[in-house]
Amino acid sequence: WLWMINGYEDFTFRPNDIISKAEAVKIMMKVSLIESLSMVSETQYKDIDIQWHEYYVRNGESLWIFIASEDDYLFTPQDGVNREDMIYLIDSLLNMY
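The following refers to the structure shown. As the structure is a computational prediction, the values presented were derived from the model and not from experiment.

### Looking at the packing of helix H1 (residues 21–31) against helix H2 (residues 54–62)
Relative orientation of the contacting elements H1 and H2 amounts to 65°, with a least axis distance of 9 Å. Crossing of H1 over H2 shows left-handed handedness. Contacts between H1 and H2 involve Val-25, Lys-26, Met-29 and Lys-30 from the former and Tyr-56, Val-57, Asn-59 and Gly-60 from the latter. Split into classes, the residues belonging to the contact of H1 with H2 amount to 4 nonpolar, 2 polar and 2 charged.

### Topic: unusual backbone geometry
Residues other than glycine seldom take positive phi values, yet Asp-72 does so here, at roughly 55°. Along the chain, Asp-72 falls in the loop between H2 and helix H3 (83–94). In this structure, Thr-76 is a non-glycine residue whose phi angle is positive, near 50°. When you line up the elements, Thr-76 lands in the loop between H2 and H3.

### Considerations on the side chain of Arg-58
Looking at where Arg-58 falls in the secondary structure, it is placed in helix H2. A distance of 3.0 Å separates the side chain of Arg-58 from the side chain of Glu-42, its partner in a polar contact.

### Some thoughts on the nonpolar core
Val-25, Tyr-45, Ile-65, Phe-66, Phe-75 and Leu-89 are the most contacted members of the largest nonpolar core, which has 15 residues in total. When contributions to this core are tallied by element, the ones reaching two or more residues are H1, H2 and H3.

How each quantity is defined
- Residues numbered from 1 in each chain as written.
- Predicted model: local features only at pLDDT ≥ 70, side-chain atom pairs only at ≥ 80, totals over all residues.
- Heavy atoms only, no water.
- Axes fitted to C-alpha atoms, helices over the stretch in contact; angles between N-to-C directions.
- Helix = DSSP H or I, 4+ residues; strand = E, 2+ residues; numbered from the N terminus.
- Left-handed = near helix turned anticlockwise from the far one by under 90°.
- Contact = heavy atoms within 4.5 Å.
- Nonpolar A, V, L, I, M, F, W, Y, C, P; charged D, E, K, R; others polar.
- Polar contact = N/O pair within 3.5 Å; in protein donor to acceptor, adjacent residues only side chain to side chain.
- Core = buried A, V, L, I, M, F, W, Y, C linked by side-chain atoms within 4.5 Å.
- Buried < 20%, exposed > 50% of the residue type's maximum accessible area, 1.4 Å probe, protein only.

Have a look at this one:
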């Protein structure tokens, strides 16, 4: 499991922090072993710029896990993830198999 979840740049893990949507996406993509070889397309989300999570959002979009138009073209990567969001992510991944 160590390769799936990394800590922060200051080598802390912060287990009591609320997980962000961007962090949840990265974990789900790694746990499901979905890793694309390269950036597949431009994102349609207005709030995704070149950051560590862009790779995961673009790949999720290309696999139809995320549909920007259904989210008003806002991914809101820093928002906390609630149970409904996690169920949606898990369900989207499971529907791929």
